[in-house]
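For reference, the chains in residue letters:
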Amino acid sequence: MPMMNELLEKETLAPKVTRYVVRAPDVARFRQAGQFVIVRIAEDGERIPLTIADADREQGTVTLVVQEVGKTTAAMTRLEVGKPILDVVGPLGAPTHIEKLDYVLGVGGGIGIAPLHPICQAFRAAGTHVEAILGARNKDLLILEDWMRRACDQVHVCTDDGSYGEKGFVTHVLERLIGERKPDLVVAIGPLIMMKMVAKVTQPHGLKTMVSLNPVMVDGTGMCGGCRVSVGGKTRFVCVDGPEFDAHQVDYDELLSRQRFYLEQEKQAYQRYVEAVGHGPEECRIRGGQQS
Amino acid sequence: MSDAATPEGTPKKKKSTLFKEPRSAMPEQDPQERIKNFREVPFGYTPELARREAERCIQCKKPHCIDGCPVAIDIPRFIRQIHEGDFDAAVKTIKETNVLPAICGRVCPQEEQCEKVCNLADSKKYQPVAIGRLERFAADWEAARGKIEPPTCAAPTGKKVAVVGAGPAGLTVAVDLARRGHKVVVMEALHKAGGVLVYGIPEFRLPKVIVGREVDTLAKMGVELRTNVVVGKSIPVDDLLQEYDAVFIGTGAGLPYFMGIPGENLNGIYSANEYLTRVNLMRAYNFPTDDTPVCRGRKVAVVGGGNVAMDSARTALRMGADEVHLLYRRTRTEMPARIEEVHHAEEEGVRFQFLTAPLKYVGDKENRVCGAHCQRFELGEPDASGRRRPVPIKGDEFDIELDMAVCAIGNGPNPLVPNAQPDIKTRRGGNIVAEKGTCRTSKKGVFAGGDIVLGAATVILAMGAGRNAAQAIDDYLKTGEWPELGELEVK
Ligand SMILES: Cc1cc2nc3c(=O)[nH]c(=O)nc-3n(C[C@H](O)[C@H](O)[C@H](O)COP(=O)(O)OP(=O)(O)OC[C@H]3O[C@@H](n4cnc5c(N)ncnc54)[C@H](O)[C@@H]3O)c2cc1C
Ligand code: SF4
Ligand code: FES
């Protein structure tokens, strides 16, 4: 019997961004676009949510794309190919509602391009015209462009510093594209600030917009309420009611503060880890919460 | 009491009058010491104390205690065996009907069950026999001698049953079915088996090695445990029915309720489930050795009056809080927590604020909770549950300062399975509809029991349901019959 949760491949996509391929036949079989897994890599480890970037039913594998933002994501890069990952649970969360629409526009920022990928794939498979805007701080940090080119009818790239594609933020490209043709749906995944800005851009146009949220989680099954957010004034649990929500209803500031609640502890754990493994990162890039 | 001989010299046992004495206390850690650690509070009876307490039992002709026990343990018999010093026999007696005595001895609300109806208590003059402490003693005695015998299993029947959820309900079904020779696979969403026993109830009340021991027994009986499987997500119930001859759903009441008051999503406000899971299951008390962090509040409010609230409050003390305030809308008499836990919480310095509940939470610039605005209540007419309803006293409001709060006002049924499988019918409120005594649901081949049916209840009721379900599953595997559901289990 093949080893459960075996790490099959590991590849650096960009500085501090790694792609993992894991054997998880049940997850691969049942996962749908928009869903995620919870991973724990050691007995004393935390449980972190990671969105599924791709899956292969025949091979029984799932692909995760992970940015190093804290101790666990850093320690993941040292996992050995051929060994099992301790716990992989999923697929969790509600799948994206996929239907045939005329035109869907995806907006992916940084690591958010990974979870956007299966959603674009699924809409296109349903017969929708799909375009995507991919944004990154610079050329080196742009990931999965080739995947997205295969998954979409058209891809628009921009970088903050202009080192690749258009110079500027995804919101600039977004303004221009919706000026040209109105999409039926905008799906934005990336840093919270980006999603908030995208929502601001699309709201006056009355464009239906979905965002995929990434709060701190524990169980991922609706048991703890740690992942709660306010959406349209109501408390929702992201792990079971989401992760996708109406972009115009989300209280981004609340979520941002909740993501940053454990910042001090996360830094402490990361620092401790770095000292233990004996290699120092040039900059400590910890942000609140676990980024998928 | 050495002269057991009558004047005539015929040796005759003198009738013990110990029942008139107060019940024997269990030695326990000093309150000031124990709030600095997570070790279990009581040490348990010594053999001497146990035999003394057992002697208090008057071996009634009509022992009401048995009726008070949801799984009808032969209480007088095991107590007599303890009194006689035959502890092995006592354990055997208990295990005839209760597969998890070390757990039940610690967490059952005995004062509401066997001890409530003990004839000694009934007399109003005397204290009931400490049945729970004796049960715990017997189970611990067996474990300490390292020879826990797994129940023997019948020859394999070739039938396979999937058990969903590894809480007390699921574990009991698994043991009872394995005994009957069926192949059992237990699927658990979390990375560890035990349900509330591992993620909710803290170490100082129920050491995790005890739960681990019971789970090991399961493995010894050939039960297969698959952790990290979320049924309804990782695999649909319908797929399970293809592969298994029957399915038992014991997914518990794992949906935390919030009050829905302003400020409840501020940082530093937890559901009891989250707080306890972080500390117990994820061992946040060990941070940073263990990775999971948790807020270490100095001034903590816990809202609620049940076991969950007591566990949260006492955990917060152990995590270094200077002050823990328990806010409860009613009074001490209505508190649903076990008496022993209330007593322990009080000894440890938890401050009870009765007839009080928060109206809203207040946050600082960083969105961290820094206070609560509270309302005082008085008791009015009894409500549907028979408890007197708290009525707000107009204008009697006040503010408290705090830097952490835990909401322990209750849990709803876990909606994952019923949402994914709508042909498993639920009642209003989301509990799965199941037949009384058999745990059969509206879907053929699917049984359900424990908190998912009863609402947040107790360990022993979950176990009782597990027993009934195992019997009914066994019958179903033999006959394949699925008649119309009769009387339903009500919450
Ligand atoms: C903090 C706390 C303290 C308590 N103290 C006491 C006490 O002192 N005495 C007492 O008698 N009772 C107490 N209770 C109540 C008692 O623990 C419960 O009544 C009992 O555990 C219910 O057992 P169960 O097997 O039905 O469910 P649970 O113990 O809740 O177990 C359900 C299991 O199913 C798993 N699960 C859920 N969904 C799925 C799925 N889709 N797929 C796979 N697995 C799934 C869950 O992860 C969990 O492990 C307490 C409860 C809490 C929360
Ligand atoms: S009712 Fe009390 S005294 Fe009577 S047999 Fe039961 S435990 Fe003993
Ligand atoms: S992570 Fe616990 S409820 Fe969502």
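Data block above holds the structure.
In short, a report on the structure. (Residues numbered from 1 in each chain as written. Chains lettered and ligands numbered in written order. Predicted model: local features only at pLDDT ≥ 70, side-chain atom pairs only at ≥ 80, totals over all residues. Heavy atoms only, no water.)

Considerations on the packing of aromatic side chains
Residue and element names in this part refer to chain B.
Part 1: On inspection of all chains with the given rule, the structure shows twelve aromatic pairs over all chains.
Part 2: Taking the centre distance of 6.2 Å and the plane angle of 45° together, the rings of F38 and F204 count as tilted. Residue F38 is located in the loop between α1 (31-34) and α2 (47-55), and its partner F204 is located in the loop between α11 (196-199) and α12 (208-220); the two are separated by 166 residues in the primary sequence.
Part 3: The residue whose ring lies beneath K160 is Y244, and the NZ or CZ to ring-centre distance is 4.9 Å.
Part 4: A cation sits over an aromatic face here: R318 above F204, 3.8 Å from the ring centre. (Phe/Tyr/Trp six-rings, centres within 6.5 Å; stacked < 30°, edge-to-face > 60°. Helix = DSSP H or I, 4+ residues; strand = E, 2+ residues; numbered from the N terminus. Lys NZ or Arg CZ within 6 Å of the ring centre and 35° of its normal.)

Focus: the site of ligand 1
Residues and elements named next belong to chain B.
Part 1: Around ligand 1, the structure places 36 residues, and the nearest of them are V107, A169, E188, R205 and D451.
Part 2: G195 places a main-chain nitrogen or oxygen 3.5 Å from an oxygen atom of ligand 1.
Part 3: In isolation ligand 1 offers 1000 Å² of accessible surface; the protein chains occlude 96% of this area.
Part 4: Secondary-structure elements contributing two or more residues to the shell around ligand 1 are α10 (168-179), α15 (307-318) and α19 (459-479).
Part 5: A breakdown of the residues in the shell around ligand 1 according to their chemical character gives 20 nonpolar, eleven polar and five charged. (Near = heavy atom within 4 Å. Polar contact = N/O pair within 3.5 Å; in protein donor to acceptor, adjacent residues only side chain to side chain. Areas by Shrake-Rupley, 256 points an atom, 1.4 Å probe, with all protein chains shown as cover. Nonpolar A, V, L, I, M, F, W, Y, C, P; charged D, E, K, R; others polar.)

As for the site of ligand 2
Part 1: In the vicinity of ligand 2, the contacting residues are B:C57, B:I58, B:C60, B:P63, B:C65, B:P76, B:C118, B:N119, B:V129 and B:I131.
Part 2: When the residues that make up the shell around ligand 2 are grouped by side-chain class, the tally is nine nonpolar, one polar and no charged.

Regarding empty space enclosed by the protein
Part 1: The tally for this structure, following the rule as stated, stands at 13 cavities of 30 Å³ or more.
Part 2: Approximately 140 Å³ is the volume found for the largest cavity.
Part 3: In this structure, the largest cavity is lined by 13 residues; those nearest its centre are A:E46, A:R47, A:V216, A:M217 and B:R278.
Part 4: The class makeup of the residues in the lining of the largest cavity is seven nonpolar, two polar and four charged. (1 Å grid on protein atoms, 1.4 Å probe; cavity = no way out; pocket = protein on both sides within 12 Å on 5 of 7 lines; lining within 4 Å. Points joined across faces, edges and corners; volume = space filled by probe spheres on them.)

A closer look at the nonpolar core
Part 1: With 82 residues, the main nonpolar core has B:F78 and B:I82 as its most contacted residues.
Part 2: For this core, the element with the highest residue contribution is α19(B), accounting for eleven residues.
Part 3: The residues touching B:F78, leaving out its near neighbours within four places in the chain, are B:I73, B:A90, B:T93, B:I94, B:I131, B:L134 and B:E135.
Part 4: Listed in part, the 41 residues of the second largest apolar core include A:I38, A:I133, A:V170 and A:C239. (Core = buried A, V, L, I, M, F, W, Y, C linked by side-chain atoms within 4.5 Å. Buried < 20%, exposed > 50% of the residue type's maximum accessible area, 1.4 Å probe, protein only. Contact = heavy atoms within 4.5 Å.)

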